[in-house]
Amino acid sequence: MDTMDTIETKETIEKVDAVDTTETAEKVDAVDAVETAEKVDTTETIETVEAAEIKEEAAVDENINDKAENEQAEAKPEAVYGRRSGGEGRSDGRRGRDRGRDRDRDRDGADKEFIEKLVKLNRTAKVVKGGRRFSFSALTVIGDRKGNVGYGFGKANDVSEAIRKSIDKAKRNMIKLPVKNGTIPHEVTGFFKASRVLLKPACSGTGIIAGGPVRAIMEAGGVTDVLSKSIGASSQYNVVKATFDCINRMMDAKAVAKRRGKSLNELWG
C-alpha cells in the first residue's frame, strides 16, 4: 500500500513539474513577442523621424531656391547666352538648359550711365552642426556702350548683396575697348590659363557672333559686329578674363597714329 502511494505521489509531482515548465515556456515566449514588437515599433519610429527630417531639409532647399529666383526676377534678369543681334534666340530646350548660367541685368537706377550684365550666379552650401549654410557668388560685367567695360566678382550670404559687390568691383576696374564703326579694330587673341578667346572684326550687319560671357562684354562695350571663338576651357570666369586680355592687347588707332606721327585718315587709308 505504501508503495502504491509513493508511485502516485511521484506521478503527481511529475505532472505538476510538466505543467509548471509549460507555463514558464509560454510566459517566456510572450515576453519575447512583446520585446520583438517593441523593437519593431522603435525601428518604425526612427525611420519615420528620419523621413520627416529629409522632407524638412528638402523644403528648406526649395524655399531658398524660390527666394533666390524671386530676387533675380525682381532684378529683371534677361538671358544673355544664345541671343542673336537680330533678336532671334535659340530653341526653347537650349534656353532651358542655359537658364541660370548667363543673365542680363539692366538695373533701374537714377542714372542709366552703365548697363549691367550678370554673367554667372553660383550657390555653395557649407554643412554645419545646425544644418547647411548657403553663400552666393556673382560674376558681373558692366559698360557704358561707349567703349568702357569692366568686370567684377563678389561673394555674400545674399544674392542681391553678392551682385552689388560684383558691380562695385567692376566699376573700379573699367578699361577702354577700342571701337571702330561698331566693330573692333583688328584681330586679336587673348589667353587666361587654359582658356583662349579669338576676336575678329566683322562688317556692318553681321551682329555679335559670340556666346555667353563674350557676348555680354561686347554688348556692354558698344560693339555691334564681331566674330569670336572660345577655345580650350569653357569656365565662364576664365573666358571673361581671356576676353579682357584680348581688350588689353588691342591697339587704339589714335595712339598708334600719334606714335607714327600720322593722322587718322592717313592711318586708316
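Everything that follows concerns the structure shown earlier in this document.
Here the structure is a predicted model, which is why all the values come from computation and not from measurement. (Residues numbered from 1 in each chain as written. Predicted model: local features only at pLDDT ≥ 70, side-chain atom pairs only at ≥ 80, totals over all residues. Heavy atoms only, no water.)

Q: Just give me the short version of the packing of aromatic side chains, but keep the residues and values in it.
A: Counting across every chain of the model gives 2 aromatic pairs. Here the aromatic rings of Y151 and F244 are separated by 4.7 Å at their centres, their planes lie at 55 degrees, and the arrangement is tilted. Remark: F244 occurs in helix α5 (residues 236–249) and Y151 occurs in strand β5 (residues 148–156); sequence separation between them is 93 residues. A centroid spacing of 5.4 Å and a plane angle of 85 degrees characterise the contact between F153 and Y237, whose relative ring orientation is edge-to-face. Of this pair, F153 sits in strand β5 while Y237 is found in helix α5, placing the two residues 84 residues apart along the sequence. The class for F153 is partly exposed, based on a relative accessible area of 32%. Given the relative accessible area of 27%, Y237 is considered partly exposed. (Phe/Tyr/Trp six-rings, centres within 6.5 Å; stacked < 30°, edge-to-face > 60°. Helix = DSSP H or I, 4+ residues; strand = E, 2+ residues; numbered from the N terminus. Buried < 20%, exposed > 50% of the residue type's maximum accessible area, 1.4 Å probe, protein only.)

Q: So, the pairing of strand β4 (residues 131–143): which residues are in play, and what are the values?
A: Examined bridge by bridge, strand β3 (residues 115–128) and β4 share 13 bridges and lie antiparallel to one another. Within β4, the position partnered with K126 by the bridge is R133. Turn length for the β3-β4 hairpin, with the two strands adjacent in sequence and antiparallel, is 2 residues. As judged from the 8 bridges shared by β4 and β5, these two strands associate in the antiparallel manner. Looking at β5, one finds that F136 is bridged to A156. The turn linking β4 back onto β5 is made up of 4 residues, and R145 within it adopts a positive phi angle of 60 degrees. (Pairing = 2+ DSSP bridges.)

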